[in-house]
Amino acid sequence: MLIKSKKSWEMKESEATSEPVFLNRRALVKAIAAGAALGPGLTLGPKSLIAREIGAQFPAVKNPRYRIDRNVTPEKLVTSYNNFYEFGSHKEIASAAQALKIRPWRVIIDGLVNKEIELGVDDLFKKFQFEERLYRFRCVEAWSMVLPWTGFPLADLVKLAQPKTQAKFLIMQTFKNPEMARGQRQFWYPWPYQEALTLDEATNELAFIATGVFGKSIPKQMGAPLRLVVPWKYGFKSIKSIVRFTFTKKRPKTFWESVQPREYGFWANVNPAVDHPRWSQATERPLGGSGRIKTLLYNGYSSEVAGLYSNLKGEDLFK
Ligand SMILES: Nc1nc2c(c(=O)[nH]1)N[C@H]1C(S)=C(S)[C@@H](COP(=O)(O)O)O[C@H]1N2
Ligand SMILES: [Mo]
């Protein structure tokens, strides 16, 4: 099909992408921009036909490489059942999270980089090409969902940062402001929330910075204005409302690892065969579904990520 043959407003939502195509993202974005034929079997949703300018977020190109053979979770559930300890230690924090002030929002990129970067989030966004991806998401507490994220690959941010060759890890931190975020008055937690990836993980094609969900800006309770999404790992790795990216040589302690190292580790890769000390990880409860479904190794993303771990002997990869 010739991409240019139909204007976006001539297509129905029902023509949205249904089959995976094996184009890498750059090739896809280029192809769309050039109006090239993408081959038989590929249809693109209305929003996909718009060649996006750098920095423009909505509507984003739907990347057909990331499709899921499960129903998308209802938006109402995705945006009302959340985990964000800064605003409470239960799942109904959405209204409390409206206290989060998301502008101005400064982002710092520092540590082992050639040049530190500090800029406002809107200026940061101008540096990236946005796209939409459908991903699975699996919390360590065994609930799960499928949802469309808008954002850009974390690899693009790493490239912008130009890490030095000694850099091996990327640490990400959430804001710290106990005035604004009541949960941070719980002084026994090691605020700010902190997560980290190896640089190999951070530059894996799946590691994503989300700025939107369901075609709109990401709501505060889901980690506005930018959060990590690493869909092959348990949800706690996907840190929300990031203010700082720091490249280091040494592996840091992460938030939940500091709080409860017996139960939560650095790697936290999804594995149905390795149980949590207090419950089974074999199955999960899809939000909005009836009953439970089987959990998949690496949450169904083995072909993209298993290679990252083939040489890691003696590491506790699945908690
Ligand atoms: N800063 C911060 N990020 C966080 C959390 C948190 O408490 N604080 N919770 C994590 C956990 S355990 C999960 S399951 C996901 C939940 O994301 P959602 O509420 O957008 O579904 O966010 C993760 N990121
Ligand atoms: Mo979670």
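Cut-off values and rules
Residues numbered from 1 in each chain as written. Chains lettered and ligands numbered in written order. Predicted model: local features only at pLDDT ≥ 70, side-chain atom pairs only at ≥ 80, totals over all residues. Heavy atoms only, no water. Helix = DSSP H or I, 4+ residues; strand = E, 2+ residues; numbered from the N terminus. Buried < 20%, exposed > 50% of the residue type's maximum accessible area, 1.4 Å probe, protein only. Contact = heavy atoms within 4.5 Å. Areas by Shrake-Rupley, 256 points an atom, 1.4 Å probe, with all protein chains shown as cover. Pairing = 2+ DSSP bridges. Axes fitted to C-alpha atoms, helices over the stretch in contact; angles between N-to-C directions. Polar contact = N/O pair within 3.5 Å; in protein donor to acceptor, adjacent residues only side chain to side chain. pLDDT = per-residue confidence, 0-100. Near = heavy atom within 4 Å. Nonpolar A, V, L, I, M, F, W, Y, C, P; charged D, E, K, R; others polar.

**Things to note about the overall build of the chain**
Looking only at helices and strands, the chain features seven helices and 13 strands. Out of the 319 residues in the chain, the part that is buried amounts to 53%. Residue pairs in contact within the chain that sit at least 24 positions apart in sequence constitute 70% of those at least 6 positions apart. Just so you have it, the chain exposes about 14,500 Å², and 53% of that area is on carbon and sulfur atoms.

**Considerations on the sheet that holds strand β7 (residues 194–198)**
Taken together, the five strands give an open sheet; going across it, the order is β3-β2-β11-β6-β7, and neighbouring strands pair in mixed fashion. Of all the strands in the sheet, the pair left with one neighbour each is β3 (117–120) and β7. Taken pair by pair, the neighbouring strands of this sheet meet at an average axis angle of 15°, ignoring direction. For strand β2 (residues 106–111) and β3, the ladder comprises four bridges, and the chain directions are antiparallel. Residue Ile108 lies in a different strand from β3, and its bridge partner there is Glu118. Relative to strand β11 (residues 242–248), helix α4 (residues 154–161) is tilted by about 65°, and along the sheet it contacts β2, β3, β6 (169–174), β7 and β11.

**Details of the side chain of Arg138**
By the element assignment, Arg138 lies in strand β4 (residues 131–138). In this structure Arg138 comes out as buried when scored by relative accessible area, which is 0%. Within the structure, Arg138 has its side chain in polar contact with the side chain of Gln281 (distance 3.0 Å). Beyond its immediate sequence surroundings of up to four residues, Arg138 is in contact with Trp143, Ser144, Lys233, Tyr234, Gly235, Val270, Gln281, Thr283, Glu284, Thr295 and Asn299.

**Describing the confidence of the model for the chain**
Low pLDDT marks regions whose predicted coordinates should not be analysed in detail. Averaged over the chain, the pLDDT score is 88; the fraction of residues at 70 or greater is 84%. Here residues 1–23 is a poorly scored stretch, pLDDT under 50, and it has 53 contacts once near neighbours within four places are set aside; other chains count. Within the model, the stretch residues 35–51 combines pLDDT values under 50 with 57 contacts to residues more than four positions away or in other chains.

**Some points on the site of ligand 1**
Tyr85, Glu86, Thr174, Ser238 and Lys240 are the nearest of the 18 residues found near ligand 1. Between ligand 1 and Asn82 there is a distance of 3.0 Å, counted from an oxygen atom to a side-chain nitrogen or oxygen. In the model, a nitrogen atom of ligand 1 is placed 3.1 Å from a nitrogen or oxygen of the Asn83 side chain. Surface burial for ligand 1 is 99%, taken as the share of its 530 Å² of free accessible area covered by protein chains. In terms of residue class, the shell around ligand 1 is made up of 10 nonpolar, five polar and three charged.

**Things to note about the environment of Tyr193**
In this structure, Tyr193 sits in the loop between β6 and β7. Sequence separation between Tyr193 and Ile239 is 46 residues; the distance between their C-alpha atoms is 7.6 Å. A distance of 2.8 Å separates a polar atom in the side chain of Tyr193 from the backbone oxygen of Phe236.

**Points about the side chain of Thr295**
Along the chain, the position of Thr295 falls in the loop between β13 (293–294) and α7 (302–305). Thr295 sits in the buried class, given a relative accessible area of 5%. A polar side-chain atom of Thr295 sits 2.6 Å from a polar atom in the side chain of Glu284.

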